[in-house]
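Understanding the architecture of this molecule
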Protein chains: 2
Amino acid sequence: MKFSARFEYALQALLYLKCEPDEAPVSGREMSEKLNLPYRFLEQILSDLKKRGVLRSIRGQHGGYKLNLEPEEISIFDIYEVTDGKFEPWDCSTAESGDRCGQNHNMCVVNIFYSDFKSTFKSLMKSYTLDKLCSAAMKLKTEAVNNKITHAPSS
Amino acid sequence: MKFSARFEYALQALLYLKCEPDEAPVSGREMSEKLNLPYRFLEQILSDLKKRGVLRSIRGQHGGYKLNLEPEEISIFDIYEVTDGKFEPWDCSTAESGDRCGQNHNMCVVNIFYSDFKSTFKSLMKSYTLDKLCSAAMKLKTEAVNNKITHAPSS
DNA sequence: CTTAATTCCTATTGGATTACTATTATATCA
DNA sequence: TGATATAATAGTAATCCAATAGGAATTAAG
């Protein structure tokens with residue numbers, strides 16, 4: 001029950017693009033250095049995000065990546081699906097997967113809990129957009145700055 | 001982002017104990033056969049549940065396991081913690097784990113989402129007790145039976 | 001006292017997945 | 001043409017998970 005590194009890295013990269021927007025596209029190299037993430041691995045993830053239409057890319061010198069959707073259109077759930085595939089936290093959670101536990105899918109007690117779990121998390125993840133997260137981040141930052149000023153040692 | 005087999009098996013075993021209660025303790029062997037779970041692996045899980053006080057065990061012939069708590073005292077979250085340990089879906093989710101992402105723990109944007117995710121997860125899982133799940137299971141069963149009677153072919 | 005049935009303890013294997021690396025190809029701009 | 005990018009794919013190393021294995025301790029029944 002852990003989020004994958006792929007997911008975490010994707011999230012960081014996208015936030016980097018949104019929170020520090022730039023006219024020019026941002027290269028994978030730059031992001032890997034600024035965020036301290038393994039370069040080639042990050043490239044794979046960025047490539048996946050591109051294939052799914054979250055990013056668009058410009059090749060060649062001065063190339064890089066840009067957001068392809070509005071930040072309020074990109075939810076954490078979308079990102080999750082790109083990096084980790086379908087959200088199926090349970091093996092026998094789909095009717096097709098057979099009845100290892102000997103019970104019919106709809107009869108399986110465990111699936112009572114599971115379907116609730118699944119829908120709760122979907123909606124939670126969908127409620128977080130890149131936009132919202134970035135605003136929250138900005139707020140954190142200014143609060144930190146104000147704190148520093150307020151509590152600055154008067155030496 | 002998947003539940004482990006340990007967790008799933010534990011859930012099934014506990015439901016078996018609750019839903020088909022018996023004066024006599026139930027052996028690991030019986031549960032593994034009835035639920036079609038690998039015997040020795042299940043024993044390990046049952047042993048963990050015992051160590052954490054969810055089950056109590058009787059050794060020797062005619063021994064086995066019994067619930068050590070009231071079914072309404074056992075939540076899915078408790079079971080999760082026994083089988084999977086602390087719920088930390090994020091690597092830098094604890095302040096101690098350092099700042100791989102270069103940000104202070106409280107400043108990390110990702111942790112904004114994370115802490116919300118974590119608390120939602122906890123409260124959802126705590127809201128499901130063994131008791132509730134078993135009632136739900138019983139309800140499913142009787143519904144299925146009624147359905148069969150109602151729709152029985154009148155041959 | 002012996003035997004069978006059970007929990008208990010610990011070690012290890014096999015397989016799958018994950019995180020990451022490497023290679024090569026292709027595109028773009030100066 | 002050369003430097004800097006992305007693109008696509010193959011490979012690897014490490015880790016984790018599920019399951020297996022062997023045997024010790026315990027208990028009840030015969």
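What you see is a predicted model; the values in this text were computed from it and never measured. (Residues numbered from 1 in each chain as written. Chains lettered and ligands numbered in written order. Predicted model: local features only at pLDDT ≥ 70, side-chain atom pairs only at ≥ 80, totals over all residues. Heavy atoms only, no water.)

Some words on the protein's contact with DNA strand D
Contacts to DNA strand D come from 26 residues, most closely from Gly28 and Glu43 of chain A together with Ala5, Arg40 and Gln44 of chain B. Contact between DNA strand D and Tyr65 of chain A: a phosphate oxygen at 3.4 Å from a side-chain N or O atom of the residue. The side chain of Tyr9 of chain B places a nitrogen or oxygen atom 3.0 Å from a phosphate oxygen of DNA strand D. Among the secondary structure elements, those contributing two or more residues to the surface near DNA strand D are helix 3 (39-51), strand 1 (55-58) and strand 2 (64-67) of chain A together with helix 1 (5-19) and helix 3 (39-51) of chain B. Sort the elements by how many residues they give to the surface near DNA strand D and helix 3 of chain A lands first, with five residues. Each residue belonging to the surface near DNA strand D can be placed in one class, and the counts come to seven nonpolar, twelve polar and seven charged. (Near = heavy atom within 4 Å. Polar contact = N/O pair within 3.5 Å; in protein donor to acceptor, adjacent residues only side chain to side chain. Helix = DSSP H or I, 4+ residues; strand = E, 2+ residues; numbered from the N terminus. Nonpolar A, V, L, I, M, F, W, Y, C, P; charged D, E, K, R; others polar.)

A word on the interface of chain B and chain A
The accessible area lost on association of the parts is a frequent measure of interface size. The partner chain A presents 40 residues to the 40 residues of chain B that form the contact. Across the chain B/chain A interface, buried area totals approximately 4000 Å², and carbon plus sulfur atoms make up 71% of it. Considering every element that reaches the side of chain B that touches chain A, the biggest residue donor is helix 5 (residues 109-127) of chain B, with ten residues. Each residue belonging to the side of chain B that touches chain A can be placed in one class, and the counts come to 29 nonpolar, four polar and seven charged. (Contact = heavy atoms within 4.5 Å. Buried area = accessible area lost by both parts, 1.4 Å probe.)

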